[in-house]
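# Summary of the model geometry
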Amino acid sequence: MSLKTNYRQAVKAFQPAPPYFFNSVKAFVVSGLLCALAEWLAKWYSSFFSISAISAQQLAVMTMMFFAIVLTGAGKYDDFSQFAGAGATMLMTGLANALASAAIEHRSEGWTAGIASQMFKSGGAAIVYGIVAAYLLGLFYYIVS
(Lines give C-alpha, C1' and ligand atoms only; values in the text may rest on other atoms or scores of the structure.)
Protein backbone atom coordinates (compact mmCIF):
# COMPACT_ATOMS: atom_id res chain seq x y z
CA MET A 1 0.00 0.00 0.00
CA SER A 2 1.12 3.50 -0.70
CA LEU A 3 1.61 6.26 1.80
CA LYS A 4 -1.43 8.07 0.39
CA THR A 5 -3.69 5.06 0.96
CA ASN A 6 -2.39 4.56 4.49
CA TYR A 7 -3.00 8.22 5.27
CA ARG A 8 -6.57 8.10 3.94
CA GLN A 9 -7.36 5.01 6.01
CA ALA A 10 -5.89 6.58 9.15
CA VAL A 11 -7.86 9.79 8.67
CA LYS A 12 -11.08 7.91 7.86
CA ALA A 13 -10.88 6.05 11.17
CA PHE A 14 -11.15 9.34 13.10
CA GLN A 15 -13.77 11.09 10.96
CA PRO A 16 -17.31 11.05 12.33
CA ALA A 17 -20.04 9.82 10.02
CA PRO A 18 -22.07 12.72 8.61
CA PRO A 19 -25.71 12.78 9.75
CA TYR A 20 -27.18 12.30 6.27
CA PHE A 21 -30.73 11.62 7.39
CA PHE A 22 -30.88 14.61 9.77
CA ASN A 23 -29.34 16.91 7.15
CA SER A 24 -31.84 15.71 4.54
CA VAL A 25 -34.81 16.29 6.83
CA LYS A 26 -33.51 19.74 7.81
CA ALA A 27 -32.99 20.72 4.14
CA PHE A 28 -36.48 19.44 3.28
CA VAL A 29 -38.13 21.38 6.10
CA VAL A 30 -36.22 24.62 5.46
CA SER A 31 -36.83 24.57 1.71
CA GLY A 32 -40.50 23.80 2.35
CA LEU A 33 -40.76 26.76 4.72
CA LEU A 34 -39.07 29.04 2.19
CA CYS A 35 -41.47 27.86 -0.52
CA ALA A 36 -44.43 28.35 1.83
CA LEU A 37 -43.23 31.90 2.56
CA ALA A 38 -42.96 32.59 -1.18
CA GLU A 39 -46.43 31.17 -1.73
CA TRP A 40 -47.84 33.32 1.08
CA LEU A 41 -46.15 36.38 -0.46
CA ALA A 42 -47.69 35.53 -3.84
CA LYS A 43 -51.17 35.22 -2.32
CA TRP A 44 -50.69 38.46 -0.41
CA TYR A 45 -49.45 40.33 -3.50
CA SER A 46 -52.36 38.95 -5.51
CA SER A 47 -54.98 40.09 -3.01
CA PHE A 48 -53.35 43.37 -1.92
CA PHE A 49 -52.49 44.68 -5.39
CA SER A 50 -55.32 42.89 -7.26
CA ILE A 51 -52.95 41.42 -9.84
CA SER A 52 -52.87 38.09 -11.65
CA ALA A 53 -51.42 35.00 -10.03
CA ILE A 54 -48.45 34.92 -12.43
CA SER A 55 -47.52 38.53 -11.67
CA ALA A 56 -47.88 37.89 -7.95
CA GLN A 57 -45.63 34.82 -8.18
CA GLN A 58 -43.01 36.83 -10.05
CA LEU A 59 -43.12 39.51 -7.36
CA ALA A 60 -42.79 36.85 -4.66
CA VAL A 61 -39.71 35.35 -6.33
CA MET A 62 -38.17 38.80 -6.70
CA THR A 63 -38.89 39.51 -3.03
CA MET A 64 -37.26 36.26 -1.93
CA MET A 65 -34.22 37.00 -4.10
CA PHE A 66 -34.07 40.52 -2.65
CA PHE A 67 -34.05 39.10 0.89
CA ALA A 68 -31.27 36.69 -0.08
CA ILE A 69 -29.18 39.50 -1.56
CA VAL A 70 -29.68 41.71 1.50
CA LEU A 71 -28.74 38.83 3.82
CA THR A 72 -25.68 38.10 1.65
CA GLY A 73 -24.59 41.72 1.84
CA ALA A 74 -25.02 41.68 5.61
CA GLY A 75 -23.01 38.45 5.85
CA LYS A 76 -25.91 36.48 7.34
CA TYR A 77 -26.87 34.24 4.41
CA ASP A 78 -23.76 32.09 4.91
CA ASP A 79 -24.85 31.34 8.47
CA PHE A 80 -28.35 30.51 7.24
CA SER A 81 -27.13 28.26 4.43
CA GLN A 82 -24.68 26.55 6.78
CA PHE A 83 -27.66 25.63 8.97
CA ALA A 84 -30.12 24.83 6.18
CA GLY A 85 -27.74 23.07 3.80
CA ALA A 86 -29.24 22.26 0.42
CA GLY A 87 -32.56 23.71 1.59
CA ALA A 88 -31.14 27.20 1.18
CA THR A 89 -28.91 26.70 -1.83
CA MET A 90 -31.14 24.91 -4.31
CA LEU A 91 -33.81 27.58 -4.65
CA MET A 92 -33.72 30.95 -6.41
CA THR A 93 -32.43 32.38 -3.15
CA GLY A 94 -29.31 30.26 -3.56
CA LEU A 95 -28.74 31.63 -7.06
CA ALA A 96 -29.22 35.17 -5.80
CA ASN A 97 -26.73 34.48 -3.01
CA ALA A 98 -24.17 33.06 -5.44
CA LEU A 99 -24.43 36.05 -7.76
CA ALA A 100 -24.38 38.63 -4.97
CA SER A 101 -21.44 37.06 -3.14
CA ALA A 102 -19.42 36.91 -6.38
CA ALA A 103 -20.24 40.57 -7.06
CA ILE A 104 -19.24 41.60 -3.53
CA GLU A 105 -16.03 39.60 -3.62
CA HIS A 106 -14.82 40.94 -6.98
CA ARG A 107 -16.08 44.53 -6.86
CA SER A 108 -12.54 45.89 -6.56
CA GLU A 109 -11.74 44.58 -10.06
CA GLY A 110 -14.29 46.87 -11.73
CA TRP A 111 -17.73 46.54 -13.26
CA THR A 112 -16.90 44.45 -16.32
CA ALA A 113 -13.82 42.39 -15.44
CA GLY A 114 -14.81 41.99 -11.82
CA ILE A 115 -18.48 42.09 -11.03
CA ALA A 116 -20.09 41.04 -14.33
CA SER A 117 -17.65 38.33 -15.32
CA GLN A 118 -17.34 36.77 -11.87
CA MET A 119 -21.09 36.81 -11.26
CA PHE A 120 -21.75 34.76 -14.35
CA LYS A 121 -18.87 32.39 -13.69
CA SER A 122 -20.54 31.39 -10.45
CA GLY A 123 -24.14 31.58 -11.64
CA GLY A 124 -23.62 30.49 -15.23
CA ALA A 125 -23.93 26.79 -14.53
CA ALA A 126 -27.24 27.28 -12.74
CA ILE A 127 -28.54 29.39 -15.61
CA VAL A 128 -27.43 26.91 -18.29
CA TYR A 129 -28.79 23.86 -16.49
CA GLY A 130 -32.00 25.73 -15.69
CA ILE A 131 -32.53 26.49 -19.36
CA VAL A 132 -31.73 22.89 -20.36
CA ALA A 133 -34.08 21.49 -17.70
CA ALA A 134 -36.86 23.90 -18.75
CA TYR A 135 -36.42 22.88 -22.39
CA LEU A 136 -36.49 19.16 -21.60
CA LEU A 137 -39.53 19.49 -19.32
CA GLY A 138 -41.30 21.61 -21.94
CA LEU A 139 -40.52 19.01 -24.59
CA PHE A 140 -41.79 16.23 -22.30
CA TYR A 141 -44.98 18.21 -21.61
CA TYR A 142 -45.49 18.77 -25.34
CA ILE A 143 -45.06 15.06 -26.11
CA VAL A 144 -47.33 13.91 -23.27
CA SER A 145 -50.15 16.38 -23.96
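Please refer to the structure higher up on the page.
Let me sum up the structure you'll find in this document. None of these values were measured; they are calculated from a predicted model.

### A short note on the packing of helix α2 (residues 20-49) against helix α3 (residues 53-73)
Relative orientation of the contacting elements α2 and α3 amounts to 130°, with a least axis distance of 8 Å. Taken as axis vectors, α2 and α3 run oblique relative to one another. Crossing handedness for the pair α2 and α3: right-handed. Facing Leu34, Leu37, Ala38, Leu41, Ala42, Tyr45 and Ser46 of α2, the residues of α3 in contact are Ala56, Gln57, Leu59, Ala60, Thr63 and Met64. Counted by class, the contact of α2 with α3 contains 10 nonpolar, three polar and no charged residues.

### A look at unusual backbone geometry
As a rule of thumb, non-glycine residues mostly have phi less than zero, and peptide bonds are mostly trans rather than cis. Of note in the backbone geometry, Ser50 takes a positive phi value of approximately 55° without being a glycine. For Ser50, the position within the fold is in the loop between α2 and α3. The exposed category is assigned to Ser50, whose relative accessible area is 63%.

### Some details on the environment of Gly114
Within the element layout of this structure, Gly114 appears in helix α7 (residues 111-144). When the C-alpha atoms of Gly114 and Ala102 are compared, they prove to be 8.8 Å apart, with 12 residues separating the residues in sequence. Apart from the residues within four sequence positions on either side, Gly114 is in contact with His106, Glu109 and Met119.

### Observations concerning the side chain of Thr93
Take Thr93: it is sitting in helix α6 (residues 92-105). Thr93 gets classed as buried once you look at its relative accessible area, which sits at 6%. A distance of 3.2 Å separates the side chain of Thr93 from the side chain of Tyr77, its partner in a polar contact. Excluding its chain neighbours within four sequence positions, the residues that come into contact with Thr93 are Leu34, Met64, Ala68, Tyr77 and Ala88.

The rules behind these values
Residues numbered from 1 in each chain as written. Predicted model: local features only at pLDDT ≥ 70, side-chain atom pairs only at ≥ 80, totals over all residues. Heavy atoms only, no water. Axes fitted to C-alpha atoms, helices over the stretch in contact; angles between N-to-C directions. Helix = DSSP H or I, 4+ residues; strand = E, 2+ residues; numbered from the N terminus. Parallel < 35°, antiparallel > 145°, perpendicular 65-115°, else oblique. Left-handed = near helix turned anticlockwise from the far one by under 90°. Contact = heavy atoms within 4.5 Å. Nonpolar A, V, L, I, M, F, W, Y, C, P; charged D, E, K, R; others polar. Buried < 20%, exposed > 50% of the residue type's maximum accessible area, 1.4 Å probe, protein only. Polar contact = N/O pair within 3.5 Å; in protein donor to acceptor, adjacent residues only side chain to side chain.

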